Amino acid sequence: MHASEADQLTNLTETTCFHCHKSCLDEIAHFEEKAFCCHGCKQVYQLLTDNSLEDYYVCDVNPGKAPSEQNFEFLNNPHFQDQLISFSSQGVSKVNFHLPAIHCRSCLYLLENLSKLNPGIVKTTLNFGKKDLTVWFQEDQINLGQLATLLASLGYEPLISSDEVPEEKRKRANHQTQLFIKLGIAGFCAGNAMLFSFPEYLGIEDGSLKQLFGYLNIALGSIAVFYSGSEYFKNVWAHIKLGKMTIELPILLGILVGYGRSVYEVFSHTGAGYIDSVSGLIFFLLIGKWFQQKSFDFLSFERNYKAYFPLVISKLEEGIEVNYPLNEIKIGDHLIIRNQEIIPADAVLITGSSQMDYSFVTGESELLKLNEGNSMYAGGRHTGERIEIEIKKELKQSHLTQLWEQQAFKDPLHKTENWENFANQVGGYFTVGLISLAILVGSYWHFTDPSRWSNSVVSILVIACPCALAISYPFALGHGIRWLAKSNFFIKDIQAFERMAQVDTIVLDKTGTLTLPSTQNPIAKLTRELSSSEWSALYSLALQSTHPMSRQFVRYLPKNQPIVHLEKFAEKMGKGLEAIIEGIEYRLGNAKFTGHQVPKDNDYIRSESQLYIQIGGISVGFIEFPWVYRAGIEVMIHQLQAKYKVYLLSGDKQAHAGSILDWFPDPSTYQFECSPMDKMKFIQSLQDQGKRVAMIGDGLNDAGALRQSHVGIAISDDHLHFTPASDAILKGEQLAQLPTLLAFSKFGLKLIKLSFLLSLVYNAIGLSYAVQGDLSPLIAAILMPVNSISMLLIANLGMSWKGYTLKS
């Protein structure tokens, strides 16, 4: 390869951008002796320095985010204004934006000083945890679209949803609010019950004071038990009606026995009761429930096909182009679609031609040539000239949405209807054993020594209450979820964490999951040196295609290439590209298409091999691209195969598989040309064999399989943007660590089981005294939270220790 060719094909350097800290290309922008990867980053820096906001760069490490060129003028449409603006009066409006890119103190500094960048912004407040920004702005100085565009230009592109707030989301938010209220009241009752119990703790014999405090404790305990603990009554009753016993039944029994004994002692003046212990137990149980429900507010695990579509569409009305929200599409509408835009519903091509990319929907990487009169389906990405289409089906009736009509999408409890977590699995046996023991011991002492039967039964039910498992379970697994998040593996909830630990079969998607565009430089093997005009012609030709090979070719040529006019451009499916440029025919593609004589095995375009060149009917060699599998994938697959049954599914053709088939020697473990429905049915067939399946995929074509599987893991190189509905989101660069991450989940479940066994040993020792009637219920009430706290510490310390190994 000639030196000049190497110079033309290598444009990456080690320079990093001062603003976003990403690697710069050779064509870097300079300002004030600082390097920037693009003019956008340079403009953000200038904007901040011009407005005395330089502290943005010193508040935290690597604060900057690359700016977005997205234009949000469509938000000025009344539909979006009604959806986003929560208050408006006398020209001042209030809007809430969700900004996924928020990540550090510098973000907080910049966004709360946003008014310095535009006088139309009155003030801003930021909810850092939820990544929500509230802005008050003057409508006569800056409109909603300009405000969103300003945020995007700073690197904080708002995440706008096309739907109204779903009813399910409102219910979830209301449930969380109720949980917080109950948690606060339980904490108030527990704290004050301890305060009112001080006379008993200190041995004060003032009868009237003890009596008053006893009555106050009963009032506080009643509120804690019957309001804060009301969820336990509802859940236990619901499961009893279904003929099930869960871990909540013995917990509720322990609470009611402790409360009932307290009421008896206070009103009979025989003791102070255990209201402080009962209220404290409810408080800690509710903390566990809150910890169990708390997830990642900045991620969405429940996205459907609408999240993939554009928010607005361009409709033709009497020859004039007008923007409308996506949900206002009707049959018969004529829409304008530009290059790289998504087809929003099934339609017919009216004018123009299209190279249609269905890879994100079907997994097939080859483009489909469409001409006037051809049908096109929702979810396809158009490549080429501006086209006009006519809508033939409503969005909800489109070909793409058929997948969402499957039972796995209709039933929100699909993944859990035939599954019980470990706590509930042992709950039934534990409840039967506990009640049986209490009845036997109570009956024995009733006939042997009636003075002991009450103490023995109460002590058994209180000390053996499985609150240790109920508290340590959500805390430990929730702690594990947070450790995994530090490795860019985001789990939806602790149920998904536990199901992941039980997986025995793994299904991998290929395109976009195991593969990605290569970041390594290609090698040119040419028969002669090409002129600059020939490189420009090839660059212009490759720009017309979205094939992975064409994209790689464009990426590794200098970006200052002049774009030349093409005549008679055509893309031959499975072959390559051709066009006439300045009277000369140029071809890019596979060996046969470009007239090269090569072994038969190389006679097709492979994303990991060669792109051949023909100029003026003469073959001039090829550019060899490196493998495009993610780093460490081969080792990862072999590690998984050592512990799991591993399958490969792809919507692509088997001819495009390359060397990946060497890692799957058994032909029964892979399938190609799979439709989204085929993938979903394959998962179902494995489940029918009793397998617990984890699906690893990235696109809409994997959405059904992700939903059907026991655990669906979506791979995303940008987890803040579109991913299909899933139980977990794994950043693409971490995929090679999947065996380690799955092992961590298995460790978490083993730790829970170990802590439960230790709790049983503890309970056995306490019960050995309780069955003899020698253990005071007061001592039992004290030992119960001690047991819970000790098990909680064991579980959390164990998860922390294992979590540190993820980072090493």
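Everything discussed here concerns the structure shown above.
If you're wondering where the values come from, they're calculated on a predicted model, not measured in any experiment.

Rules of the game
Residues numbered from 1 in each chain as written. Predicted model: local features only at pLDDT ≥ 70, side-chain atom pairs only at ≥ 80, totals over all residues. Heavy atoms only, no water. Helix = DSSP H or I, 4+ residues; strand = E, 2+ residues; numbered from the N terminus. Buried < 20%, exposed > 50% of the residue type's maximum accessible area, 1.4 Å probe, protein only. Contact = heavy atoms within 4.5 Å. Areas by Shrake-Rupley, 256 points an atom, 1.4 Å probe, with all protein chains shown as cover. Pairing = 2+ DSSP bridges. Phe/Tyr/Trp six-rings, centres within 6.5 Å; stacked < 30°, edge-to-face > 60°. Lys NZ or Arg CZ within 6 Å of the ring centre and 35° of its normal. Patch = residues over 30% accessible without salt bridge, like charges linked within 9 Å, V, L, I, M, F, W, Y side chains within 5 Å. Salt bridge = Lys/Arg side-chain N within 4 Å of Asp/Glu carboxyl O. Lys, Arg positive; Asp, Glu negative; His and termini not counted. Charge placed at Lys NZ, Arg CZ, Asp CG, Glu CD. Axes fitted to C-alpha atoms, helices over the stretch in contact; angles between N-to-C directions. Polar contact = N/O pair within 3.5 Å; in protein donor to acceptor, adjacent residues only side chain to side chain. Expected span 1.5 Å × (residues − 1). Nonpolar A, V, L, I, M, F, W, Y, C, P; charged D, E, K, R; others polar. Core = buried A, V, L, I, M, F, W, Y, C linked by side-chain atoms within 4.5 Å.

K.L.:
What's the story with the overall build of the protein chain in this structure? I'm lost.
P.N.:
Counting its regular elements, the protein chain contains 24 helices and 30 strands. Among the 808 residues that make up the protein chain, the fraction classed as buried is 52%. Look at the contacts in the protein chain between residues 6 or more apart in sequence, and 67% of them connect residues 24 or more apart. Of the roughly 36200 Å² of accessible surface on the protein chain, a fraction of 55% belongs to carbon and sulfur atoms.

K.L.:
Would you mind going over the environment of tryptophan 453 with me for this structure?
P.N.:
Take tryptophan 453: it is sitting in helix α15 (residues 450–463). Along the chain, tryptophan 453 and glutamine 772 lie 319 residues apart, while their C-alpha atoms are 9.2 Å from each other. When neighbours within four sequence positions are excluded, tryptophan 453 is seen to be in contact with Gly442, Trp445 and His446.

K.L.:
Please explain the pairing of strand β10 (residues 320–325) as it appears in this structure.
P.N.:
For a regular strand, side-chain orientation follows a simple rule: the groups alternate between the two sheet faces. Bridge count for strand β9 (residues 312–317) against β10 is six bridges, and the pairing is antiparallel. In the strand pairing of β10, valine 312 is matched with proline 325. Linking β9 to β10, which pair antiparallel, is a turn of two residues; within it glutamate 318 sits at a positive phi near 55°.

K.L.:
Which parts of the structure should I look at to understand the packing of aromatic side chains?
P.N.:
Where two aromatic rings form a pair, the distance of their centres and the angle of their planes describe that pair. Per the stated rule, a full pass over the model turns up 11 aromatic pairs. Ring centres of tyrosine 670 and phenylalanine 672 lie 5.9 Å apart, and the angle between their planes is 65°; this geometry places the pair in the edge-to-face category. Since its relative accessible area comes to 14%, phenylalanine 672 is described here as buried. By way of ring pairs, the aromatic residues Phe226, Phe233 and Tyr259 are connected into one cluster. Geometry around tyrosine 227 places lysine 182 over its ring, the cationic atom sitting 5.8 Å from the centre. A cation over an aromatic ring shows up here: lysine 802 above the ring of phenylalanine 747, its NZ or CZ 5.3 Å from the ring centre.

K.L.:
Would you explain a negative patch on the surface in this entry?
P.N.:
On the surface, Glu32, Glu33, Asp50, Glu54 and Asp55 cluster together to form a negatively charged patch. As for its placement among the helices and strands, glutamate 32 is situated in the loop between β3 (29–31) and β4 (34–36).

K.L.:
Hey, could you run me through a nonpolar patch on the surface in this one?
P.N.:
A grouping of Phe284, Ile789, Leu793 and Leu797 is seen on the molecular surface, where their side chains present a nonpolar patch of about 380 Å² in accessible area. Take the nonpolar patch: its biggest share by element is three residues, from helix α24 (residues 777–807). Examined against the element boundaries, phenylalanine 284 turns out to sit in helix α11 (residues 275–293). Note on phenylalanine 284: relative accessible area 36%, which makes it partly exposed.

K.L.:
Can you help me understand the sheet that holds strand β5 (residues 85–89) in this one?
P.N.:
For sheets, the rule is that strands pair by backbone hydrogen bonds, running either parallel or antiparallel. One open sheet accounts for four strands, arranged β5-β6-β8-β7; its pairing is antiparallel. With one partner strand each, in any of the chains shown, β5 and β7 (121–127) form the two edges of the open sheet. For this sheet, the mean angle separating the axes of adjacent strands, direction not counted, is 15°. In the sheet, β5 pairs with strand β6 (residues 92–98) via four bridges, with the strands oriented antiparallel. Looking across to β6, one finds that isoleucine 85 is bridged to valine 95.

K.L.:
It is not clear to me how the side chain of threonine 124 should be interpreted in this structure. Could you clarify?
P.N.:
Turning to its location among the elements, threonine 124 is positioned in strand β7. Residue classification places threonine 124 among the buried residues on the basis of a relative accessible area of 10%. A polar contact of 2.6 Å, which involves the side chain of threonine 124, links it to the backbone oxygen of leucine 111. Every residue in contact with threonine 124, bar those within four places of it in the chain, is listed here: Leu111, Glu112, Asn113, Leu114, Leu133, Thr134 and Val135.

K.L.:
What is the right way to look at helix α10 (residues 248–268) in this model?
P.N.:
An α-helical turn contains 3.6 residues, so any two residues separated by three or four positions project in the same direction. Over its 21 residues, α10 extends 30 Å from the first C-alpha to the last, a length consistent with the 30 Å expected when each residue adds 1.5 Å. Two residues or fewer after α10 comes histidine 269, characterised by a positive phi angle close to 55°.

K.L.:
Is there a simple way to explain the packing of helix α20 (residues 633–643) against helix α23 (residues 738–770) in this structure?
P.N.:
For any two helices packed against each other, the geometry is given by the interaxial angle and the distance between the axes. At a minimum axis distance of 9 Å, the contact between α20 and α23 shows a crossing angle of 35°. Where α20 approaches α23, its residues Met636, Gln639 and Leu640 are matched on the opposing element by Leu738, Pro739 and Leu742. Of the residues in the contact of α20 with α23, the class split is five nonpolar, one polar and no charged.

K.L.:
What is the right way to read the environment of phenylalanine 489 from this model?
P.N.:
In this structure, phenylalanine 489 sits in strand β18 (residues 489–491). For the pair formed by phenylalanine 489 and alanine 728, sequence separation is 239 residues and the distance between their alpha carbons is 7.1 Å. Apart from the residues within four sequence positions on either side, phenylalanine 489 is in contact with Ile481, Leu484, Met500, Ile713, Ala728, Ile729, Leu730 and Leu741.

K.L.:
It is not clear to me how the nonpolar core should be interpreted in this structure. Could you clarify?
P.N.:
Generally speaking, a soluble globular protein has its nonpolar side chains buried in company with each other. Leu508 and Ile713 are the most contacted members of the largest nonpolar core, which totals 101 residues. Aside from chain neighbours lying at most four places away, what touches isoleucine 713 is Phe489, Met500, Met695, Ile696, Gly697, Leu706, Ala728, Leu730 and Leu738. Formed by 43 residues, the second largest nonpolar core is a distinct cluster that contains Val95, Cys107, Leu117 and Ile160.

K.L.:
Just checking my understanding: could you explain unusual backbone geometry for this structure?
P.N.:
Among all residues save glycine, negative phi is the norm, and among peptide bonds the norm is trans. Phi angles above zero are rare outside glycine, and asparagine 488 is one such case at about 60°. Note that asparagine 488 resides in the loop between α16 (467–485) and β18. In this structure, lysine 568 takes a positive phi of about 55° despite not being glycine. Summarising the element assignment, lysine 568 is placed in strand β21 (residues 567–572).

K.L.:
Can you help me understand the sheet that holds strand β13 (residues 354–357) in this one?
P.N.:
Taken together, three strands build an open sheet; the order of strands is β14-β13-β16 and the sheet is antiparallel. On the outer flanks of this sheet lie β14 (368–370) and β16 (381–383), each paired with one strand and no other. Averaged over neighbouring strand pairs, the angle between their axes works out to 35° when direction is ignored. In the sheet, β13 pairs with β16 via three bridges, with the strands oriented antiparallel.

K.L.:
Whenever I open this one, the pattern of salt bridges confuses me. Can you help?
P.N.:
Applying the stated criterion across every chain yields a total of nine salt bridges. Of the charged contacts in the structure, one is a salt bridge between glutamate 578 and arginine 587, with a shortest N-O distance of 3.0 Å. One salt-bridge network, in which partners are shared between bridges, spans Glu578, Glu585 and Arg587.

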